[in-house]
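Spelled out from the first residue to the last, the chains are:
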Amino acid sequence: MINRNNYHALPCPCGSGKPFDECCFRPNNKKTGNPMDEVMHALHEAQQGREFSSIEDANRFMQEFMIRQNTAPRDAFAGLSPTEMRSILATPFDAAAIVTFADVLSQDPVSPVTTIFKVLADAIGEKGLKPTATGNLPRNTVREISRAINGTDTFGTKNTQYLIQKETDYFDLHITRLIAGLAGLIRKYKGRFMLTKKCRALLDRHGIGGIWPELFRAYAEKYNWAYSDGYGELYFMQRSFLYTLYLLHRFGSEERDGLFYANAFLTAFPAFLDEIPPRYSTSPDEIAISSYLHRTIDRFAGFFGLAHVEKTEWKFSVDRIYKVRALPLLEDAIRFHVP
C-alpha cells in the first residue's frame, strides 16, 4: 500500500497548487463538500489489491494516477479539469489553450464602465482637468458627468437624495477614473488629468472597442476589488475571476438566480469559507454568498457589461437578490476553448 510519504511534492488534484500531502490528503480534512472526496475514493479503488515491489513502483503508480485525475473533467469544477483550473487561477491571461482575450472588440461595447469612460474622456478633452486638492476630479465636472449619464447630479436612495459634492459621491465614476489610470489611459501631467498617447491612439484606431480590454485587464489584475465594499480582502475571489466568467459562458444563456453562481463558486472552492472571519450573527456562508454576488457578479461582470444583473426586491434570502444572464459581450471579449 502507499503510505503518506509517497504523496509529498505531488501536486494536489484540487487545483490549489500545493503538494498533495499538504492539501486535501491531510487527515481529518474538514472541508465540507470537498471536491477531493471523489478523488480519494478513486485512489482507494485504484490501489485495491495492488502490491508495490518498491517505492519507485509506488511513486510511478501515484504519478500516473495523478496525471489521469489532473486531466479529467471534474463535476465540482463545472467540467474543467484540475490542470485547466490551475491555469485559469495562476495565469488567466496566458492560458491560451483554455481561453483567449480579444485585444480589440469587434464592435463598440455597451457597459457601464465604457459609458462612463467615454463621457470622462470628453470632459478631459485636449486641455485636461485640474484635480482637486485631494487629487480627484473637480466637483462641477463630476456633476456634469452624472447629469449626462444619469440625468441627475444627486446620489443616494430613492427616498433620500444628496447633491454630489465630490468624486467619491459618484462611485462608479471614481472607480472608472482609478482603473483608467491603472490601465495607462489617463495620467496627471503638469498638474492636470490628461488622456495619454496610448489612450488617444486606441480611440483613434479602434474607438471604445480598443479601450474596454485595457480597462478590463486593469480591473482584473491591478485594481483592488476590496476597495469597493466592506467585505475585507478576500483576494481569492478576484484571483478566480476567470472561473466566474467560465460559469457565465457555460450556464449564462438563460437567466438564473445569482445563488446558482455563488453555489458553483463555493462547490469548486470550499476552502474559501476559511478566509472569512466571523461577523456578529452572520455565518461565513452568508458572507461568502453576499460578497460574491456583490463583488464578482454585480461590480465585475455587470459593470463590464458581461452579464445582465437584475437586483430584485430583498426577500430575506440571498437567492432572490440577483437574477443573472450572460450578455453577447462575454463571447466577443473572452473566447473559451473548452466545452
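Here the structure is a predicted model, which means the values were calculated and not measured.

(A) Seen up close, the overall build of the protein. Per the secondary structure count, the protein includes 13 helices and 9 strands. Looking at the protein residue by residue over its 339 residues, the buried ones come to 48%. Considering only contacts in the protein between residues 6 or more positions apart, those separated by 24 or more positions represent 64%. As displayed, the protein has an accessible area near 17100 Å², and 50% of this comes from carbon and sulfur atoms.

(B) Structural view of the packing of aromatic side chains. Per the stated rule, a full pass over the model turns up 30 aromatic pairs. When the ring of W225 is compared with that of F300, the centres are 4.9 Å apart and the planes differ by 35°; the resulting orientation is tilted. Remark: F300 occurs in helix α12 (residues 284-302) and W225 occurs in the loop between α8 (208-221) and α9 (235-239); sequence separation between them is 75 residues. The exposure class assigned to W225 is buried, which follows from its relative accessible area of 1%. The buried category is assigned to F300, whose relative accessible area is 0%.

(C) Layout of the nonpolar core. Counting 92 residues, the largest nonpolar core has F216, L245, F304 and I334 as its most contacted members. Setting aside residues no more than four positions away along its own chain, F304 makes contact with S111, V113, I179, W212, L215, F216, Y219 and L329.

(D) Structural view of the pattern of salt bridges. In total, this model carries 11 salt bridges according to the counting rule given. Notably, a salt bridge pairs R147 with D153, separated by 2.8 Å at the nearest N-O pair. By relative accessible area, which is 17% here, D153 ends up buried. Across the pair K198 and E214 runs a salt bridge, and its minimum N-O distance is 3.0 Å.

(E) Structural context of the environment of I321. With respect to the helices and strands, the residue I321 is situated in the loop between β7 (307-311) and β8 (322-326). In sequence terms I321 and G258 are 63 residues apart; their C-alpha atoms lie 7.2 Å from each other.

(F) Region of interest: the environment of A326. Turning to its location among the elements, A326 is positioned in strand β8. The buried category is assigned to A326, whose relative accessible area is 18%. Sequence separation between A326 and H308 is 18 residues, and the spatial gap between their C-alpha atoms is 6.2 Å. Beyond its immediate stretch of four places on either side in the chain, A326 contacts L248, G252, L306 and A307.

(G) Layout of the packing of helix α6 (residues 171-182) against α8. At a minimum axis distance of 8 Å, the contact between α6 and α8 shows a crossing angle of 95°. Here α8 runs roughly perpendicular to α6, going by the angle between their axes. Mapping the contact onto sequence places I175, I179, A180 and L182 in α6 and L215, A218 and Y219 in α8. Considering only residue class, the contact of α6 with α8 consists of 7 nonpolar, no polar and no charged.

Rules used throughout
- Residues numbered from 1 in each chain as written.
- Predicted model: local features only at pLDDT ≥ 70, side-chain atom pairs only at ≥ 80, totals over all residues.
- Heavy atoms only, no water.
- Helix = DSSP H or I, 4+ residues; strand = E, 2+ residues; numbered from the N terminus.
- Buried < 20%, exposed > 50% of the residue type's maximum accessible area, 1.4 Å probe, protein only.
- Contact = heavy atoms within 4.5 Å.
- Areas by Shrake-Rupley, 256 points an atom, 1.4 Å probe, with all protein chains shown as cover.
- Phe/Tyr/Trp six-rings, centres within 6.5 Å; stacked < 30°, edge-to-face > 60°.
- Core = buried A, V, L, I, M, F, W, Y, C linked by side-chain atoms within 4.5 Å.
- Salt bridge = Lys/Arg side-chain N within 4 Å of Asp/Glu carboxyl O.
- Axes fitted to C-alpha atoms, helices over the stretch in contact; angles between N-to-C directions.
- Parallel < 35°, antiparallel > 145°, perpendicular 65-115°, else oblique.
- Nonpolar A, V, L, I, M, F, W, Y, C, P; charged D, E, K, R; others polar.

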